[in-house]
Amino acid sequence: MPKLGLAPLDWGNVSGIDRTRGLMVIKPGEIAFEELSPEDMTVVDMAGIVVEGYYKPSADMLTHLRLYQAFEEIEGIAHTHAAWGTAFAQAGHWIPAYGATHADFFHGAVPCTRELSDGEVFGEYEQETGNAIVEAFCGIDPLAVPAALVYRHGAYAWGVSPADAVKNAYALEEVAKIAAYTRMLSPELPQASQALLDKHYLMKRGANNMENIEE
Ligand SMILES: [Zn+2]
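Here is a short report on the structure shown in this document. Note that the structure is a prediction, hence the values are computed from the model and not measured.

### Looking at the environment of leucine 4
Along the chain, leucine 4 falls in the segment before strand E1 (13-18). When its relative accessible area of 38% is taken as the criterion, leucine 4 is described as partly exposed. Sequence separation of leucine 4 and proline 187 is 183 residues, and the distance between their C-alpha atoms is 29 Å. When residues no more than four places from it in sequence are discounted, the contact partners of leucine 4 are Val166 and Tyr170.

In structure tokens:
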């Protein structure tokens, strides 16, 4: 995350899950990325109970657990406050699929969650953040669009492994930056055609998936 410029001031965290054993490994909040070693990572069960590790898990643990619970095919999650994704998140804007770079990673616009109510913010905030992401993905395949913006907060990206999640978080940041520039140049530009989005998304994944898209 720091090498990719995704963790200024050590914001953000990454987790991975072992679904067979029902365990999640997550970065502890109090250790900087650069100082982190495998032994420092915190292991929790699916209820969030620490089963191994010296440190408290990241404060965002319950958001991660909620996403693993709802999106059954993902095995890694990265959370960032990197600038371009967070700018869209704070504005409450979805990131439109303006072109090929976007479609290589995200098969459609990247959703932004609704605003949490005061009760949700003061209540089970981390859990509600996860719920809001799941709610925003109603009708959207989380593997086809492996990231979400959290309104007034930042970005979550996920994938089939923690490394894949970080890669998608980086793609999200680049795509958000390009989209912001695109909107600056052409504020009324619509999304790219479905044909172009399908073409690029599928090219990255092989023709086997074509049937799914054509349904
Ligand atoms: Zn955050």
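After presenting the structure, the write-up continues.
### Let's talk about the pairing of strand E2 (residues 23-26)
What you see with E2 is a clean split: Met24 and Ile26 sit on the buried side and Leu23 and Val25 on the side with no burial. For E1 and E2, the ladder comprises 4 bridges, and the chain directions are antiparallel. In the sheet register, isoleucine 17 faces E2, and the bridge partner there is methionine 24. Hairpin geometry of E1 and E2 is characterised by an intervening segment of 4 residues between the two adjacent antiparallel strands and by a positive phi of about 70 degrees at glycine 22. Both E2 and strand E3 (residues 42-45) contribute to a ladder of 4 bridges, which runs antiparallel. Directly across from leucine 23, in E3, lies its bridge partner aspartate 45.

### So, the pattern of salt bridges
One pass over the full model with this rule turns up 6 salt bridges. Here lysine 27 makes a salt bridge to aspartate 10, at a shortest N to O gap of 3.9 Å. Of this pair, lysine 27 sits in the loop between E2 and E3 while aspartate 10 is found in the segment before E1, placing the two residues 17 residues apart along the sequence. Among the residues examined, aspartate 10 registers a relative accessible area of 27% and is labelled partly exposed. Note that glutamate 135 is salt-bridged to arginine 114, the shortest N-O span being 2.9 Å. With a gap of 21 residues between them, glutamate 135 in helix H5 (residues 125-136) and arginine 114 in the loop between helix H3 (100-105) and helix H4 (118-122) connect regions that are remote in the sequence. Residue glutamate 135 is classed as partly exposed on the basis of its relative accessible area, which comes to 44%. Classification of arginine 114 by relative accessible area gives partly exposed; the value is 33%. A network of salt bridges, in which partner residues are shared, links Arg114, Glu120 and Glu135.

### What to know about the sheet that holds E1
As summarised here, the arrangement of the 7 strands in space is E4-E3-E2-E1-E5-E7-E6, forming an open sheet in which the pairing is antiparallel. Across the chains shown, the open sheet's two edge strands, defined by having one partner strand only, are strand E4 (50-52) and strand E6 (147-150). The average undirected angle you get between the axes of adjacent strands in this sheet is 25 degrees.

### Looking at the pairing of E3
Of the pairings in the sheet, the one linking E3 to E4 comprises 2 bridges and is antiparallel in character. When the sheet's bridge partners are listed, valine 43 is paired in E4 with glutamate 52. Taken together, E3 and the strand that follows it, E4, pair antiparallel across an intervening segment of 4 residues, in which glycine 48 is found at a positive phi of about 90 degrees.

### Focus on the coordination of the zinc ion
Protein coordination at the zinc ion comes from His79 (NE2), His81 (NE2) and His153 (NE2), with a distance range of 2.0 to 2.1 Å. Read from N- to C-terminus, the donor residues coordinating the zinc ion fall into the pattern H-x1-H-x71-H. Of the two residues, histidine 81 is situated in the loop between strand E5 (76-80) and helix H2 (83-91) and histidine 153 in the loop between E6 and strand E7 (154-159); the sequence distance between them amounts to 72 residues. Residue classification places histidine 81 among the partly exposed positions, given a relative accessible area of 26%.

### Brief notes about the nonpolar core
Proteins that are soluble and globular tend to have nonpolar side chains buried together. Among the nonpolar cores identified, the biggest contains 46 residues, and Ile95, Ile133, Leu149 and Trp158 are the most heavily contacted of them. The element best represented in this core is helix H6 (residues 162-185), accounting for 9 residues.

Definitions and limits used
Residues numbered from 1 in each chain as written. Predicted model: local features only at pLDDT ≥ 70, side-chain atom pairs only at ≥ 80, totals over all residues. Heavy atoms only, no water. Helix = DSSP H or I, 4+ residues; strand = E, 2+ residues; numbered from the N terminus. Buried < 20%, exposed > 50% of the residue type's maximum accessible area, 1.4 Å probe, protein only. Contact = heavy atoms within 4.5 Å. Pairing = 2+ DSSP bridges. Salt bridge = Lys/Arg side-chain N within 4 Å of Asp/Glu carboxyl O. Axes fitted to C-alpha atoms, helices over the stretch in contact; angles between N-to-C directions. Donors = N, O, S within 2.8 Å, 3.2 Å for Na, K, Ca; no water. Core = buried A, V, L, I, M, F, W, Y, C linked by side-chain atoms within 4.5 Å.

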